[in-house]
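# Structure at a glance
Next come the chains, spelled out residue by residue.
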Amino acid sequence: MAENVTPRVRVPSEASAGEEITIKTLISHTMESGQRRDGDGELIPRSIINRFVVNFNGENVIDVELAPAISTNPFFEFQATVPESGTFEFTWYDDDGSVYEDAKEVTVS
Amino acid sequence: MKLTRRDTILTAVGAATVAMLPMRAFASTDDAIAEFTGGADVGSEGITLTAPEIAENGNTVPIEVSAPGATEIKVLAAGNPTPEVATFAFGPLAAAQMASTRIRLANSQDVVAVAKMADGSFVQARQEVKVTIGGCGG
């Protein structure tokens with residue numbers, strides 16, 4: 001069971017129409033790979049974030065499928081186009097069914 | 001513990017199975033690429049995979065993939081217990097078909113990125129990474 005999962009997202013708060021911006025995201029998560037063994041030699045069950053989706057005003061920016069080979073505290077950096085003022089919605093899906101969300105507003109001046 | 005004949009045979013079978021596992025892992029990288037491309041020819045132009053030549057810590061190796069015009073990029077680590085690393089699908093608001101992340105590498109190996117282009121063709125890039133400390137908690 002994942003605990004203390006905190007998403008952190010860096011998005012510029014202002015942009016010009018059609019501008020390409022860089023977004024960085026980080027979420028604290030152990031990303032237990034299912035390959036490690038505990039002190040008694042038993043396999044620790046896999047528990048990872050398996051999908052990460054970013055939308056802007058409902059339109060898709062990036063959709064990532066994660067495997068256990070993604071490091072602890074998954075980090076992503078990517079480029080997005082901002083056509084108008086609106087909200088970036090970030091969603092992480094956990095193996096255990098949990099869904100973590102964050103949102104950032106961008107104003108086009 | 002007293003070893004019976006049956007125990008000995010079971011142990012031998014178990015050891016043989018474990019010994020065969022790495023072979024399966026190597027084969028499955030090609031399988032994973034074939035599954036992604038559907039067996040189509042894979043070119044090498046128009047995709048960039050940036051990874052360090054030497055990674056001191058296999059637990060967190062920064063990589064960047066970029067393939068202008070791609071709809072999807074799949075990243076594989078040929079020497080990991082399971083080769084899949086991540087698949088990036090780019091939507092209409094992706095300004096560039098590129099992404100950076102941090103991955104785990106069990107040992108020194110090739111990292112492979114395969115991109116599916118908008119016209120349905122495939123390109124791939126390969127980069128060897130030497131790992132000083134492996135990242136599988138073994």
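Overview of the structure.

Conventions and cut-offs
- Residue numbers run consecutively from 1 along every chain, following the written order of its sequence.
- Key to labels: chains lettered from A, ligands numbered from 1, both in the order written.
- pLDDT decides what is reported in this predicted model: residues at 70 or higher carry local features, side-chain atom pairs at 80 or more are listed and counted, and totals for whole chains, interfaces and linings draw on all residues regardless.
- To get the side-chain values, take all heavy atoms of the structure and skip hydrogens and water.
- To form a nonpolar core, buried Ala, Val, Leu, Ile, Met, Phe, Trp, Tyr and Cys residues must be joined to one another through side-chain atoms within 4.5 Å.
- Residue burial is assigned from relative accessible area. The probe radius is 1.4 Å, only protein chains are included, and a residue is buried under 20% of its type maximum, exposed over 50%, and partly exposed in between.
- The contact criterion used throughout is that any non-hydrogen atoms of two residues lie within 4.5 Å.
- The helix count covers DSSP runs of H or I at least four residues long, the strand count covers runs of E at least two residues long, and both are numbered beginning at the N terminus.
- Two strands qualify as a pair provided that DSSP identifies no fewer than 2 bridges between them.
- Just to be clear on terms, a salt bridge is a Lys or Arg side-chain nitrogen sitting within 4 Å of an Asp or Glu carboxyl oxygen.
- A patch is a set of surface residues, each over 30% in relative accessible area and not in a salt bridge, joined within 9 Å for like charges and within 5 Å for the nonpolar side chains Val, Leu, Ile, Met, Phe, Trp and Tyr.
- What sets the accessible areas is the Shrake-Rupley method with a 1.4 Å probe; for residues, cover comes only from the shown protein chains.
- Note that His is not counted, nor are the chain ends; the positive residues are Lys and Arg, and the negative ones are Asp and Glu.
- Note that the charge is assigned to NZ on lysines, CZ on arginines, CG on aspartates and CD on glutamates.
- Aromatic pairing here means that ring centres of Phe, Tyr or Trp (its six-membered ring) are within 6.5 Å. Orientation follows from the plane angle: under 30 degrees is stacked, over 60 is edge-to-face, and everything else is tilted.
- Over a ring means this: the NZ of a Lys or the CZ of an Arg is within 6 Å of the ring centre and within 35 degrees of the ring normal.
- Computed with a 1.4 Å rolling probe, the buried area is the accessible surface lost when two parts are put together, summed over both parts.
- For this analysis, a polar contact is any N or O atom pair within 3.5 Å, provided that within protein one partner can donate a hydrogen and the other can accept it, and provided that sequence-adjacent residues contribute only side-chain to side-chain pairs.

What follows is about the nonpolar core. Grouped together as the largest cluster of nonpolar side chains are 58 residues, with contacts concentrated most on Phe88 and Phe90 of chain A together with Phe88 of chain B. With sequence-adjacent residues up to four places away left out, Phe88 of chain B is seen in contact with Ile62, Asp63, Val64 and Phe76 of chain A together with Val65, Thr71, Glu72, Ile73, Val75, Ala99 and Thr101 of chain B. Counting residues in hydrophobic clusters, the runner-up holds 7 residues, among them Ala32, Phe36, Val114 and Phe122 of chain B.

To continue, consider the pairing of strand S1 (residues 7-10) of chain A. Residue and element names in this part refer to chain A. Side chains Pro7 and Val9 of S1 all project onto a buried face; the interleaved residues Arg8 and Arg10 project onto a face where none is buried. Sheet topology places S1 next to strand S3 (residues 19-27); 4 bridges connect them, and they run antiparallel. What sits directly across from Arg10, in S3, is Lys24.

Time to look at the pattern of salt bridges. Taken as a whole and assessed by the stated rule, the structure comprises 5 salt bridges over all chains. Its salt-bridge partner being Asp95 of chain A, residue Arg46 of chain A comes within 2.8 Å of it at the nearest N-O pair. With Arg46 of chain A in the loop between S3 and strand S4 (49-56) and Asp95 of chain A in the loop between strand S7 (86-94) and strand S8 (99-108), this residue pair connects regions lying 49 residues apart in the sequence. Looking at Asp95 of chain A, the relative accessible area reads 30%, which means it is partly exposed. Measuring nitrogen to oxygen at the nearest pair gives 3.3 Å for the salt bridge that ties Asp110 of chain B to Arg126 of chain B. Of this pair, Asp110 of chain B sits in strand S8 (residues 109-117) while Arg126 of chain B sits in strand S9 (residues 122-133), and the two are 16 residues apart along the sequence.

The subject of this paragraph is a negative patch on the surface. Judged by side-chain charge, Glu65 of chain A together with Asp30, Asp31, Glu35 and Glu84 of chain B come together as a negatively charged surface patch. The biggest single contributor to the negative patch is helix H1 (residues 5-37) of chain B, with 3 residues. By relative accessible area, which is 69% here, Glu35 of chain B ends up exposed.

Summed over the entire model, instances satisfying the criterion amount to 8 aromatic pairs over all chains. Judged by centre distance (4.9 Å) and plane angle (20°), the rings of Phe52 of chain A and Trp92 of chain A are stacked. Placement of Phe52 of chain A in strand S4 and of Trp92 of chain A in strand S7 is noted, with a sequence separation of 40 residues between them. Accessibility expressed as a relative area gives 0% for Phe52 of chain A, which makes it buried. Site record: aromatic cluster; members linked through ring pairs are Phe52, Phe56, Phe76, Phe78, Phe88, Phe90 and Trp92 of chain A together with Phe88 of chain B. For the cation-ring pair, Arg102 of chain B lies above Phe75 of chain A, with the distance from its terminal atom to the ring centre recorded as 4.3 Å.

Moving on to the pairing of S8 of chain A. Sheet faces and side chains relate simply in a regular strand, where the side chains alternate between the two faces. Residues and elements named next belong to chain A. Relative to S8, strand S2 (residues 14-15) runs parallel, the two being bridged by 2 bridges. Looking at the pairing, Ala15 lines up with Val108 of S8. Two elements, S7 and S8, share 8 bridges in a ladder whose sense is antiparallel. By the bridge assignment for S8, Gly86 is matched with Val106. Connecting the antiparallel pair S7 and S8 is a turn made up of 4 residues, with Gly97 showing a positive phi of about 95°.

Before going further, it helps to examine the interface of chain A and chain B. Each partner contributes to the interface: chain A provides 30 residues, whereas chain B provides 28 residues. Both faces combined, the contact of chain A with chain B buries some 2,300 Å², and carbon together with sulfur accounts for 54% of it. Linking chain A to chain B there are 0 salt bridges. At the boundary of chain A and chain B, one finds 19 residue pairs in polar contact (both at pLDDT 80 or more). Those elements giving two or more residues to the side of chain A that touches chain B turn out to be S3, strand S5 (59-66) and strand S6 (75-82) of chain A.

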